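Structure assessment
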Amino acid sequence: MMQLSCPWCGLRDETEFACGGTTHLERPPLAATDADWGHYLFFRDNPKGVHLERWRHAWGCGQWFNVARDTVTHDVLAVYRMGDPPPRLGA
Amino acid sequence: MRYSALALLRGALSGHRNWPPAWRSPEPKPQYDVVIVGGGGHGLASAYYLAKNHGITNVAVLERGWLGGGNTGRNTTVVRSNYLYPESARLYDFSLRLYEGLARELNFNVMLSQRGHLMLAHSRHDLESMSRWANTMAMHGIDAQLLTREQVGALVPALDLSAGARYPVLGAFMQPRAGTARHDAVAWGYARGADHLGVDIIQNCAVTGFVTDANGHVTGVDTSRGRIRTARVGIAAAGHSSVLAKLAGFRLPVTSYALQAMVTEPLKPRLDTVVISPGTGAYVSQSDKGEMVIGASLDLFPSYAQRGSFGVLQGVVAATLAMFPSFSRLRLMRQWAGIVDVVHDSSPIIGPTPVPGLYINCGWGTGGFKAIPVGGWTLAHVLATGRNHELAEAFQLERFVTGRLIDEAAASGIAH
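What counts, and at which threshold
- Residues numbered from 1 in each chain as written.
- Chains lettered and ligands numbered in written order.
- Predicted model: local features only at pLDDT ≥ 70, side-chain atom pairs only at ≥ 80, totals over all residues.
- Helix = DSSP H or I, 4+ residues; strand = E, 2+ residues; numbered from the N terminus.
- Rg over C-alpha atoms; globule rule 2.2 N^0.38 Å.
- Buried ≥ 20, exposed ≤ 12 C-beta atoms within 10 Å, placed from the backbone.
- Contact = placed C-beta atoms within 7 Å.
- Pairing = 2+ DSSP bridges.
- pLDDT = per-residue confidence, 0-100.
- Nonpolar A, V, L, I, M, F, W, Y, C, P; charged D, E, K, R; others polar.
- Expected span 1.5 Å × (residues − 1).
- Arc of directions from axis to C-beta.
- Axes fitted to C-alpha atoms, helices over the stretch in contact; angles between N-to-C directions.

**A short note on the overall build of chain B**
Within chain B, the secondary structure is distributed over eleven helices and 19 strands. The C-alpha radius of gyration of chain B comes to 21 Å, within 12% of the 22 Å expected for a compact globule of 416 residues. In chain B, buried positions account for 54% of the 416 residues. In chain B, the proportion of contacts linking residues at least 24 apart, taken out of those at least 6 apart, comes to 75%.

As structure tokens, this is what we get:
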């Protein structure tokens, strides 16, 4: 079973968490065009490889945090707090 | 050659050693009128209908692995058209009607078994929403029935209807024309049919890029077996649609998830319908070989790994045993996952992309198998004519900008 390390509670099974999808999305201004708004709401990179995503420790402390995870191997490459910049990964 | 009882007899007389291959394995030509990316059911059906309905036979189907090795070979083989909205009802029932004539059309036994599809109601609220659903289907001219608890018991004696059942069954909603079909045969039948009409099916050929001219129009594809020139490309790659879209320089409203299924060891006939329990997240049917085929809900985090997580597996097995306690001593033989292309409204995208000449068929999410005939039919139409098929008009990429979504989350079966 995949395990994630909650920044507050430590390593727990994946079944304690809920994935909140892609992180670092920026809400466009209210004057945005329909196209920009639609892209903000629905269109995603959906990468085969490293994905930066939000998770919540739903059946634990309830806190949100960010994860860098490989969508092919499910390796967790980094865990960082909401508001932190994306980590520099790789060599 | 045409398959028939006589051909079978002739084959038997020569010890079944002289059957010709069902399709050729040609070298890719340098140029095609249309290139289809993806040799699953949707891609092969698109090629077949391009040749059959539109007379376009200079067509190549490029498949990275082997035919039907993706979701076409990983689904639970259910076909049905119990959708809620008129656009979806038309689309999926057209597909089911094509399935009803498919074995004859393709001269290939797809083993369609219209054994009925039962959706269990576990609460009064389930019953109310199902009666709305069944009435809506009836208005669209699609067969639907509401069953009482007693009728469910008579149809599915293995189901636990006792007072102590963990999830009480109050009734069910049934589509009698729904059922199962042999998924490999659907891919192979379309492949053989397309090949006979002149389509080149090229396996072990991965697309690595798209070539465009100064106006951004598609002029070819780069593949692991060289560059192929073409002015029209159709993508039918399910969970890998976003990967191909990225090569072409645009994004899709798609997230890829793993969807699990599993089969038990074979046993004698015990279940002759498809039973789904949306509340518990499991559905079951019995294959012609006797295996119980069990489907799960999505692993709810993005994934391209064709295996499922253990948590969901545990949940679906528990739900299945709550419904069918007599299955408790069966052993699971195989478990796997397919990568499904989920969009926000659980409805497909069939039509043009931001790149001129490049068309896409994706977004079927957890329910692509039932839609193979109509997905192929409508993608072939837009590739051949440049205009959307009437059935596909509502299912365009632009709905994610206009907001005209067709939310079929409930009809897509298992919650996601």
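That covers the picture; the talk isn't over yet.
**Quick look at the overall build of chain A**
Scanning chain A from N- to C-terminus turns up one helix and six strands. Tracing chain A from N to C terminus, the helices and strands come up as β-β-β-α-β-β-β. Counting only C-alpha atoms and orienting by the principal axes, one finds that chain A spans roughly 40 × 30 × 20 Å. Burial statistics for chain A: of 91 residues in total, 15% are counted as buried. Put simply, 45% of the contacts in chain A that link residues at least 6 apart link residues at least 24 apart.

**A short note on the pairing of strand S13 (residues 254–264) of chain B**
Residue and element names in this part refer to chain B. Most of S13 sits out of view: eleven of its eleven residues are buried. Direction of pairing for S13 relative to strand S17 (residues 332–343): antiparallel, over a ladder of eleven bridges. Across the sheet, threonine 255 pairs through a bridge with valine 342, a residue of S17. Sheet analysis places S13 next to strand S16 (residues 292–299), joined by five bridges and oriented antiparallel. Each residue of the ladder has a partner; that of leucine 259, found in S16, is leucine 298.

**A few points about the confidence of the model for chain B**
Of the residues in chain B, 99% reach a pLDDT of 70 or more, and the chain-wide mean stands at 96. With pTM at 0.96, the complex prediction returns an ipTM value of 0.96.

**Considerations on the interface of chain A and chain B**
With 19 residues of chain A in contact, the opposing surface of chain B contributes 20 residues. Here the side of chain A that touches chain B gets four residues from one element, more than from any other, and that element is helix H1 (residues 34–42) of chain A. Taken together, the residues of the side of chain A that touches chain B sort by class into seven nonpolar, six polar and six charged.

**Considerations on helix H9 (residues 310–323) of chain B**
Residue and element names in this part refer to chain B. Here H9 contains 14 residues, and its C-alpha end-to-end distance of 20 Å stays within 8% of the 20 Å for a straight helix at 1.5 Å per residue. Val312, Leu313, Val316, Val317, Ala319, Thr320 and Met323 are the residues of H9 that are buried. Seen end-on, H9 carries its buried residues on one side only, within an arc spanning 160°. Along its buried surface, H9 packs onto S13, strand S14 (274–277), strand S15 (282–286), S16 and S17.

**Remarks on the sheet that holds strand S12 (residues 232–235) of chain B**
All names here are of chain B. Here we have six strands laid out as an open sheet, ordered S8-S2-S1-S12-S19-S18, and mixed in their pairing. If you trace the sheet from one side to the other, it starts and ends with strand S8 (200–202) and strand S18 (349–352), each paired once. Between one strand axis and the next, the sheet turns by 15° as a mean value, whatever way the strands run. Taken together, the four bridges between strand S1 (residues 34–37) and S12 define a ladder with parallel strand orientation. By the bridge assignment for S12, valine 34 is matched with arginine 232. Lying on the sheet, helix H2 (residues 41–54) is in contact with S1, strand S2 (59–62), S12 and strand S19 (358–362); it crosses S2 at an angle near 175°.

**Overview of the sheet that holds S13(B)**
All names here are of chain B. If you walk across this open sheet you meet the eight strands as S5-S6-S4-S14-S15-S16-S13-S17, and the pairing is mixed. Looking along the sheet, the strands with just one partner apiece sit at the ends: strand S5 (145–148) and S17. Pairs of neighbouring strands in the sheet enclose a mean axial angle of 25°, with direction left out of account. Two strands pair when backbone bridges link them, and strand S4 (residues 117–121) and strand S6 (residues 171–175) are joined in this way by five bridges, in the antiparallel orientation.

**Examining unusual backbone geometry**
Positive phi values are uncommon outside glycine, yet Thr77(B) reaches one of about 65°. Looking at the element boundaries, Thr77(B) is found in the loop between S2 and strand S3 (78–79).

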